[in-house]
Amino acid sequence: NAGVMQNPRHLVRRRGQEARLRCSPMKGHSHVYWYRQLPEEGLKFMVYLQKENIIDESGMPKERFSAEFPKEGPSILRIQQVVRGDSAAYFCASSLSGPNTEAFFGQGTRLTVV
Amino acid sequence: AQRVTQPEKLLSVFKGAPVELKCNYSYSGSPELFWYVQYSRQRLQLLLRHISRESIKGFTADLNKGETSFHLKKPFAQEEDSAMYYCALKSGGSYIPTFGRGTSLIVHP
């Protein structure tokens, strides 16, 4: 089991472009969580998804950010019209059966907006 | 609102010295506390949780509800302990952990 896979590891975008971050959960895991880590800050929860459903998006910015976890394929965190303040490390975690089970983290995607 | 505070951004010690990484939290109920570790170029992984009261890699952490702390301790640091350490809290009302900003531990030879 390769663990949670995130790609790309590093992503550079110009202001106004779109950023797509991918997360493949561990085999058998159907629960995915996205976190953002801004410089000098802790990991901040963004969104919790279960296959094809958004369970909790209380940490997602209201505009430009969206997430999906389709029936087939990885979970995608999409940021439209990126701004410099979106530069951060984005971490994905997955768990087998919900938040009360241990979540395993990916290595993160570092987004830099220039 | 729940909050996790790790006051030290960086902690630097010599091999064999005792280590204490501080974590304070604010939450009025009964929280569940965790420590996560991220070694260089590796992914974040769970180190220990307070409910299991176990010692992992020589690290222990005791939940002190009076002081609202969950400090991580190790009596004799090793070079391989050098990593980022994150304290996290999960409360009954929110099943998603809240993380502190992390403390970078550097153990010198």
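Description of the structure in this document. (Residues numbered from 1 in each chain as written. Chains lettered and ligands numbered in written order. Predicted model: local features only at pLDDT ≥ 70, side-chain atom pairs only at ≥ 80, totals over all residues. Heavy atoms only, no water.)

## A few points about the state of the cysteines
Right, on to step 1. As enumerated under the stated definition, the model contains 2 disulfides over all chains in all.
Right, on to step 2. Bridging Cys23 of chain A to Cys92 of chain A, the disulfide has an S-S length of 1.8 Å. Disulfide Cys23 of chain A-Cys92 of chain A: the torsion about the S-S bond is -55°, which places it as left-handed. Remark: Cys92 of chain A occurs in strand S9 (residues 88-95) and Cys23 of chain A occurs in strand S3 (residues 19-24); sequence separation between them is 69 residues. Considered together, Cys23 of chain A and Cys92 of chain A belong to a single accessibility category, that of buried residues.
Right, on to step 3. The disulfide partner of Cys23 of chain B is Cys87 of chain B, and the S-S distance across this bridge is 2.0 Å. Between Cys23 of chain B and Cys87 of chain B, the S-S dihedral sits near -65°, and the bridge is therefore left-handed. Of this pair, Cys23 of chain B sits in the loop between strand S3 (19-21) and strand S4 (24-26) while Cys87 of chain B sits in strand S9 (residues 83-91), and the two are 64 residues apart along the sequence.
Right, on to step 4. Of the residues examined, Cys23 of chain B reaches a relative accessible area of 0% and is grouped as buried.
Right, on to step 5. With a relative accessible area of 0%, Cys87 of chain B lands in the buried category. (Disulfide = S-S within 2.5 Å. Helix = DSSP H or I, 4+ residues; strand = E, 2+ residues; numbered from the N terminus. Buried < 20%, exposed > 50% of the residue type's maximum accessible area, 1.4 Å probe, protein only.)

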